[in-house]
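Chain and residue survey
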Amino acid sequence: MRRLAFVGLTGLVAVGLGALALPAAMRHRADNPIWRGMREANEHGCFNCHSAPNNRELTNPGSPAETVPSFAGGNLMMYIDRPEEILEWIRDGNTAARRADPKHEAERKLQLIHMPAFKDSVDEAEIEALQAYLLAVDDYFSPGDEVTKRGEEVARQQCMSCHNVGGAGGLRNPRSPFGYIPAFYGPDFHDLVKNDTELRAWIKTGSSPRVAGLPFATWFWRRQKIAMPAFGDHLSKDDLDAVVAYIDWLGKTAGGTHELVDLAAPAKTEKGAGS
């Protein structure tokens, strides 16, 4: 009976948010490539060598770099010239350009640990999700204007440990309405945040008047294990403006995995080995 009551209460809150009633359906509805790529990386053993969660690098004797690169810290730039080469690394364990370079091939034969080819065990959709996760975790694309760059810096320090790389959400939050922490874009975000005024309210107070007024919302917020903090005066007005600008940028770039297509927005900078 308690379980039925819980599902019923979840449904009432979810209807108020415009979401589906069951947590599994919510997860499916709110899924995105970065979140999915993180799950794929864990399932296929990528973190065994690349150690993205703690950014420690595995020693690789014989390699020019002496380590297997982590997924974070800008290491991606050392191995790709363009985002499409990430797909080659995952499919074939190398890129066509490197295979055609005798120097690279000679160096590769000397190293102890080699990147495996996943083309026979991972389908194309999974490969593309892994690419999205790698682009996000390595900050391959960055905002082009200083205000949004500042927002990116503040968000890394204050937000991404809960909201995931690229603001992709999906990290567990037991006893919350969704069962996970929502993303900074996508259906959950748009249910919770209707405009910049509501976004500022969430950041400053940990909720918004509209959502707080929904049936049973307060009960759910009290039950959840990880609560949205109220930053209040801990963020300056300039930093708050910058974080709002950065979250808007994430929505326009699919979590920072694509170049900004809004021609009216500031030009984006692309990082790569050739830059």
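Up top you'll find the structure we're talking about.
No experiment lies behind these values; they were computed from the predicted model shown. (Residues numbered from 1 in each chain as written. Predicted model: local features only at pLDDT ≥ 70, side-chain atom pairs only at ≥ 80, totals over all residues. Heavy atoms only, no water.)

This brings us to the pattern of salt bridges. Across all of its chains, the model carries 17 salt bridges by this definition. When the shortest N-O distance is used, the salt bridge between Asp188 and Arg29 registers 3.0 Å. With Asp188 in helix 11 (residues 187-192) and Arg29 in helix 2 (residues 23-30), the pair connects residues that are 159 residues apart, well separated along the chain. On the accessibility criterion, Arg29 (23% relative accessible area) is partly exposed. Salt-bridge contacts for Glu152 lead to Arg156; the nearest nitrogen and oxygen are separated by 3.3 Å. Of the two residues, Glu152 and Arg156 both sit in helix 9 (residues 146-158), four residues apart, roughly one turn of that helix. Judged by relative accessible area, Glu152 falls into the buried class, the value being 5%. Taken together, the shared-partner salt bridges in this structure form one network comprising Arg29, Asp188 and Asp191. (Salt bridge = Lys/Arg side-chain N within 4 Å of Asp/Glu carboxyl O. Helix = DSSP H or I, 4+ residues; strand = E, 2+ residues; numbered from the N terminus. Buried < 20%, exposed > 50% of the residue type's maximum accessible area, 1.4 Å probe, protein only.)

With their axes 7 Å apart at the nearest point, helix 9 and helix 15 (residues 237-252) run at an angle of 95° to one another. Between helix 9 and helix 15, the angle falls in the class roughly perpendicular. In this structure, helix 9 uses Val147, Thr148, Arg150, Gly151, Glu152, Val154 and Ala155 to contact helix 15, whose residues at the interface are Asp239, Ala242, Val243, Ala245, Tyr246 and Trp249. (Axes fitted to C-alpha atoms, helices over the stretch in contact; angles between N-to-C directions. Parallel < 35°, antiparallel > 145°, perpendicular 65-115°, else oblique. Contact = heavy atoms within 4.5 Å.)

Further remarks concern the side chain of Ser208. Inspection of the secondary structure assignment puts Ser208 in the loop between helix 12 (196-205) and helix 13 (209-212). Those residues within four positions of Ser208 in sequence are excluded, and the remaining contacts are Leu192, Glu198, Ala201 and Trp202.

What follows is about the environment of Thr197. If you trace the backbone, Thr197 turns up in helix 12. When the C-alpha atoms of Thr197 and Ser208 are compared, they prove to be 9.1 Å apart, with 11 residues separating the residues in sequence.

Once that is clear, we can look at the side chain of Asn173. For Asn173, the location among the structural elements is in the loop between helix 10 (160-163) and helix 11. Beyond its immediate sequence surroundings of up to four residues, Asn173 is in contact with Gly179, Tyr180, Ile181, Gln224, Lys225 and Ile226.

Attention shifts here to the packing of helix 5 (residues 84-92) against helix 8 (residues 124-137). Here helix 5 crosses helix 8 at 125°, and the two axes come no closer than 9 Å. By the angle between their directions, the pair helix 5 and helix 8 is classed as oblique. Where helix 5 crosses over helix 8, the handedness of that crossing is right-handed. In this structure, helix 5 contributes Glu84, Ile86, Leu87, Ile90 and Arg91 to the contact, and helix 8 contributes Glu124, Ile127, Glu128, Leu130, Gln131, Leu134 and Leu135. (Left-handed = near helix turned anticlockwise from the far one by under 90°.)

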